[in-house]
Amino acid sequence: MNMLFTEDQLTLAETVRDYLAGTHGPEVLRRLDADGNRDPAIWQGLVDMGLTGLLVPEAQGGLGLGLVDAALIAAECGRACLAEPLVDTAFVGVPWLVAQGKTDGLGEIVAGTRKVALSHQINPWVADGAGEALTSVDPLRHLSVHIERSRDTSAPGPSTSLGTSDEGDDHLLNLGALMSAAQLVGLADAMLSQAVEYAKIRTQFGQPIGAFQGLKHQLASCSVAIEFAKPVVWRAAQALADGLESAGVHISHAKVAATDAAMLTAETAIQTHGAMGYTYEVDLHFWMKRSWALAGAWGSRAFHLRRVDEAVLGGSLPIGPEHTFA
Amino acid sequence: MQLTYTPEQQAFRAEIRAWMEANVPKEPLVTLECREGYDQHVAWERTLASGNWGMVTWPEAYGGRGLDLIQWLIFEEEYFRAGGPNRANQNGIFLLGPTIMEFGTEEQKQRFLTPMAKGEVIWAQAWSEPGAGSDMAAISSKAVRDGDHYVITGQKTWSSRAAFADWGFGIFRTDPDSKRHKGLTFILFDLNSPGITRRPIRQLHGDTGFAELFFDEVRVPVENCLAGEGEGWNVAMATAGFERGLMLRSPGRFQATAKRLVDLYRQHEAEASPAAREAVMQAWMAAQAYAYNTYAVAAKIMAGGKIGAEASLNKIFWSELDRSMHRTAMQLLGAHAELKRFDDGSVNQWLEGYIFSLSGPIYAGSNEVQRNITAERLLGLPRVGAG
Ligand SMILES: Cc1cc2nc3c(=O)[nH]c(=O)nc-3n(C[C@H](O)[C@H](O)[C@H](O)COP(=O)(O)OP(=O)(O)OC[C@H]3O[C@@H](n4cnc5c(N)ncnc54)[C@H](O)[C@@H]3O)c2cc1C
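Being a predicted model, the structure only gives us computed values, none of them experimental. Every chain's residues receive numbers from 1 upward, in the order its sequence appears when written. For naming, the first written chain is A and the first written ligand is 1, with later ones following in the order written. Residues qualify for local features only when their pLDDT is at least 70, as the model is predicted, and side-chain atom pairs are given and counted only at 80 or more; totals for whole chains, interfaces and linings, by contrast, use all residues. Based on all heavy atoms of the structure, the side-chain values leave hydrogens and waters out of the count.

Asks: Sorry if this is basic, but what is going on with the pairing of strand β2 (residues 142-146) of chain B here?
Replies: In the case of a regular strand, side chains alternate between the two sheet surfaces. All names here are of chain B. Pairing geometry for β2 and strand β3 (residues 149-160), over five bridges, is antiparallel. Among the inter-strand pairings, Lys-142 is bridged to a residue of β3, identified as Thr-153. The hairpin turn running from β2 into β3, its antiparallel successor, is two residues long, and Gly-147 in that turn takes a positive phi close to 65°. The pairing criterion for strands is at least two bridges between them, as found by DSSP. Strands are runs of DSSP state E lasting at least two residues, helices are runs of H or I lasting at least four, and both sets are numbered from the N terminus onward.

Asks: Explanation requested: the packing of helix α8 (residues 213-241) of chain A against helix α9 (residues 311-333) of chain B in the structure shown.
Replies: Helix axes are fitted to C-alpha atoms over the stretch in contact, other axes to C-alpha atoms as well, and angles between N-to-C directions run from 0 to 180 degrees. Across the interface, α8 of chain A lies against α9 of chain B with an axial gap of 10 Å and an inter-helix angle of 90°. As judged from the angle between their axes, α8 of chain A and α9 of chain B are roughly perpendicular. Between α8 of chain A and α9 of chain B, the contacting residues are Ser-223, Val-224, Glu-227 and Phe-228 of chain A on the first element and Leu-313, Asn-314, Ile-316 and Phe-317 of chain B on the second. In this classification, Asp, Glu, Lys and Arg are treated as charged, Ala, Val, Leu, Ile, Met, Phe, Trp, Tyr, Cys and Pro as nonpolar, and every other residue, Gly included, as polar. Here the contact of α8 of chain A with α9 of chain B is composed, by residue class, of five nonpolar, two polar and one charged. Roughly parallel here means an angle under 35 degrees, roughly antiparallel means over 145, roughly perpendicular means 65 to 115, and every remaining angle is called oblique. Whether two residues touch is decided by their heavy atoms; if any such pair falls within 4.5 Å, the residues are in contact.

Asks: Teacher, can you tell me more about the packing of aromatic side chains here?
Replies: The description of two aromatic rings rests on the distance between their centres and on the angle between their planes. Residues and elements named next belong to chain B. For Phe, Tyr and Trp, where Trp contributes only its six-membered ring, two rings pair if their centres lie within 6.5 Å, and the inter-plane angle classes them as stacked under 30 degrees, edge-to-face over 60, or tilted in between. The full count for this structure, using the stated rule, is 34 aromatic pairs over all chains. Seen in terms of ring centroids, Phe-169 and Phe-186 are 5.9 Å apart; in terms of plane orientation they differ by 15°. Their pairing is stacked. One end of the pair, Phe-169, is in strand β4 (residues 167-173); the other, Phe-186, is in strand β5 (residues 184-190), with 17 residues separating them in the sequence. Three exposure classes are used, based on accessible area relative to the maximum for each residue type with a 1.4 Å probe and protein chains only: buried under 20%, partly exposed in between, and exposed over 50%. Phe-169 gets classed as buried once you look at its relative accessible area, which sits at 0%. On the basis of an interplanar angle of 40° and a centroid distance of 6.0 Å, the ring pair of Trp-318 and Tyr-363 is categorised as tilted. Here Tyr-363 lies in the loop between α10 (346-357) and α11 (367-378) and Trp-318 lies in helix α9, a separation of 45 residues in the sequence. By relative accessible area, which is 2% here, Trp-318 ends up buried. In this structure Tyr-363 comes out as partly exposed when scored by relative accessible area, which is 22%. Placement of a positive charge over a ring is assigned whenever Lys NZ or Arg CZ falls within 6 Å of the ring centre and within 35 degrees of the normal to the ring plane. One cation-aromatic arrangement involves Lys-156 over Phe-172; the distance from NZ or CZ to the ring centre is 4.8 Å.

Asks: Sorry if this is basic, but what is going on with the pattern of salt bridges here?
Replies: Between side chains of opposite charge, a pair can form as their charged atoms come close. A carboxyl oxygen of Asp or Glu within 4 Å of a side-chain nitrogen of Lys or Arg is what we treat as a salt bridge. Per the stated rule, a full pass over the model turns up 32 salt bridges over all chains. In this structure, Asp-260 of chain A engages Arg-301 of chain A in a salt bridge whose closest nitrogen and oxygen atoms are separated by 2.7 Å. Pair noted here: Asp-260 of chain A is in helix α9 (residues 247-273) and Arg-301 of chain A is in helix α11 (residues 301-312), with a separation of 41 residues, a long-range link. A relative accessible area of 27% means that Asp-260 of chain A is categorised as partly exposed. Residue Arg-301 of chain A is classed as partly exposed on the basis of its relative accessible area, which comes to 25%. A salt bridge links Glu-15 of chain B to Arg-65 of chain B; the shortest N-O distance between them is 3.6 Å. Of this pair, Glu-15 of chain B sits in helix α1 (residues 7-23) while Arg-65 of chain B sits in the loop between α2 (35-50) and α3 (69-81); the two residues are 50 residues apart in sequence, bridging distant segments of the chain. Overall, the relative accessible area of 41% leaves Glu-15 of chain B in the partly exposed class.

Asks: Would you mind showing me how to read the domain arrangement of chain B here?
Replies: It is common to give the size of an interface as the accessible area that goes away when the parts come together. All names here are of chain B. Note that the domain bounds were set by an automatic or database domain assignment. What the domain assignment lists for chain B is domain 1 (7-88), domain 2 (123-235) and domain 3 (249-378). Across the boundary between the two partners, domain 1 contributes ten residues, which contact ten residues of domain 3. Buried surface area refers to the total accessible area, computed with a probe of radius 1.4 Å, that the two partners give up upon joining, counted for both partners together. Together, the buried faces of domain 1 and domain 3 total about 940 Å²; carbon and sulfur atoms form 74% of this surface. Counting the surface domain 1 buries against domain 3, the share from its top three residues, Leu-69, Leu-73 and Phe-80, is 52%. If you look at where domain 1 meets domain 3, you find zero salt bridges. Identification of polar contacts relies on pairs of N or O atoms within 3.5 Å, with a donor-acceptor requirement for protein atoms, meaning one able to donate a hydrogen and the other able to accept it, and with residues adjacent in sequence counted only if both atoms are side-chain atoms. Joining domain 1 to domain 3, the criterion identifies two residue pairs in polar contact (both at pLDDT 80 or more). A class-by-class count of the residues in the side of domain 1 that touches domain 3 yields six nonpolar, one polar and three charged.

Asks: Mind showing me how you'd approach the site of the ligand here?
Replies: All names here are of chain B. Here, proximity means that at least one heavy atom of the residue falls within 4 Å of the molecule or strand. Lining the immediate surroundings of the ligand are 18 residues, of which Ser-134, Trp-158, Ser-160, Ser-366 and Glu-368 lie closest. A distance of 2.6 Å separates an oxygen atom of the ligand from a polar side-chain atom of Ser-366. Calculation on the ligand without its partners gives an accessible area of 960 Å², and the protein chains cover 66% of this total. Within the residue set of the shell around the ligand, elements represented by two or more residues are β3 and α11. No other element matches the three residues that β3 contributes to the shell around the ligand. Its residues assigned to classes, the shell around the ligand shows six nonpolar, eleven polar and one charged. The method behind every accessible area is Shrake-Rupley, applied with a 1.4 Å probe, and residues are considered shielded solely by the protein chains displayed.

Asks: So what exactly am I meant to see when it comes to the nonpolar core here?
Replies: One broad rule of soluble globular proteins: the nonpolar side chains tend to lie buried together. In this description, a nonpolar core means a group of buried Ala, Val, Leu, Ile, Met, Phe, Trp, Tyr and Cys residues linked to one another through side-chain atoms lying within 4.5 Å. One finds Phe-91 and Met-179 of chain A to be the most contacted residues of the largest nonpolar core, which totals 199 residues. The element contributing the most residues to this core is helix α7 (residues 170-201) of chain A, with 19 residues. Once you skip the residues sitting within four places of it in the chain, Met-179 of chain A turns out to touch Leu-67, Ala-70, Ala-71, Ala-74, Val-87, Phe-91 and Val-92 of chain A. Residues Leu-32, Ala-88, Ala-165 and Ile-196 of chain B belong to the second largest nonpolar core, which totals 26 residues.

Asks: How should I be thinking about the interface of chain A and chain B in this particular structure?
Replies: With 51 residues of chain A at the contact, the number on the chain B side is 56 residues. With both chains or domains summed, chain A and chain B bury close to 4,900 Å², and 69% of this area falls on carbon and sulfur atoms. The interface formed by chain A and chain B includes four salt bridges. For Lys-216 of chain A, the salt bridge identified is with Glu-376 of chain B, shortest N-O distance 2.7 Å. Applying the counting criterion to the chain A and chain B interface returns 19 residue pairs in polar contact (both at pLDDT 80 or more). Looking at the side of chain A that touches chain B, the elements that each hand over two or more residues are α7, β5 (207-208), α8, α9 and α11 of chain A. In terms of residues, the side of chain A that touches chain B owes the most to one element, α8 of chain A, which gives 15 residues.

Encoded structure:
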């Protein structure tokens, strides 16, 4: 029993954080939104760090790491509001393909030449797929119409399908929801930092607005929500990695907690910025819209709350002090 | 990250479970907040000690079992699973004990820890004064050095258990010219010393939960001072860290409440609102989140880390969780909640629990103060009134 990350895990997460902070700043998001121009060097950098192969077994040329490692990196992707399909491809797609024994395309994924768009009945649209473009709240997400039911393996467009999930594929759903939750805590962290930085420099009534308790206390409440969502996400990742039967409940718990933390922080961060927060000029909205998008992806809050409800009130999950982990 | 228990940990759990099942009183004890209940709870402390369960993390030399924090958490889980009574000596074992372990001399450890673990000496905490609540640095009770004694004069208040307890600990101003955090000293004193008057205070629920203490030239030997003279503030902050951060409220307590709430919901499902149903789910989720976080904090400490200002997050979280769980129970109970001593006493447990939960956001440093600390020390926002 040890609920700590290893030094290696923390170092890798920090490396990714530094890389994204250095190469994937808000100006990248603005350029992408303005003209759709993607700088291929950013993706290549992620590939070079081995992240596309993070969960690919070593025998297939990957790093062979686990879901907890991936969740930590997904949180960093959230923190940076990463506009590249790393999480879907490498942290959701790959473990699903590996579990299905569909290892043919893994080499190309590791090499970064194949990106994966994931389709599942729970998602009305496919993120980052190619197809009929839909407008999303998140200007950086490319969505296409849901192709899941078609079972037409050529449907995903330029790259061919690597497999088709069953209608109710719980494993894929769990992976998608877990990695969304991980991104949400990273997004929430970033939004809180943006609000705190602004509160330190904006002055009114002769003092920084961050000295007013009315704001301090709201920002502190965001911190509470975020810090108590994180361990739920890590626990959920470990539960899935351990193959616990109850993993789905823990993932749903994580999705609800992370969604709530991100939503609270998004609203509080806007409020902290005043009218500035209501502009396109301030970067915050990219993070906020990504949060909204992920909150609805891979099962809404209501869906996940119901999964918790069914397990807890339904009685299938043992509860009480002696059942923290079992 | 490794979230499974070793066979030794599982065996340890089984050992505690068997002991608790055999020893936890079948009938709930009378409330700790009256003479009769206090005596029952002290007797229970001694029963616990007879099984060597007083404080499992302490070294064997001081009445403990020399176990680690994970084993402590397992112990606490089983304790609350079994419905173990409130700990009469919580201020001793969870707050003062770790502080003595960190700051005490070998002689002080020998003298104070073992009787504490054995439930022979029950401790009260005495920081607050009428003029010094949230602003603890405003305390004015004095301890004046006279040879090998301090002579204490002043007043403390809201001291939990002090109406009946044996010993107290607190900080006193030893340097009469000092201001604020300086010139304070952490002193342990016998509550039966000549010159101490205890005045019990009735709480919201009508019973005596805490007391005022009046000190009239109370002589306390200097060897009862913990760490050096003038070090009081630092020592007190360490104690407060234990209080907010880890020990005072172990997760089992809230997981047990969440479980009872789920059962209560089932009983009242027909008339319950969808909002209450969601609140019940939130209760389970939040209690679990608190448990995961506590395991993470325990692992951090075991790896040599310390609890810093993040203890404030903890304190906010558990106190507001406790209040919202009990509020939900009140809503589920509706008009039943009003009746004291209803059916098997379970309603009363919710009512008393609700009343007690209202004090959680006040004691151990009010939640407003914890939010200030979070904002200033964790988020780095400017101090109140900073220009
Ligand atoms: C059940 C219970 C048990 C207790 N047990 C003990 C005990 O064993 N030993 C002991 O020493 N004390 C004990 N206390 C006292 C407790 O520590 C104090 O009540 C607490 O520190 C708050 O102080 P106060 O009551 O004087 O409130 P005040 O400090 O007067 O606060 C009143 C209100 O003002 C707010 N406030 C104060 N300062 C600020 C600020 N800077 N920013 C924003 N808001 C602020 C507070 O949050 C609170 O809402 C106990 C209290 C309770 C309720």
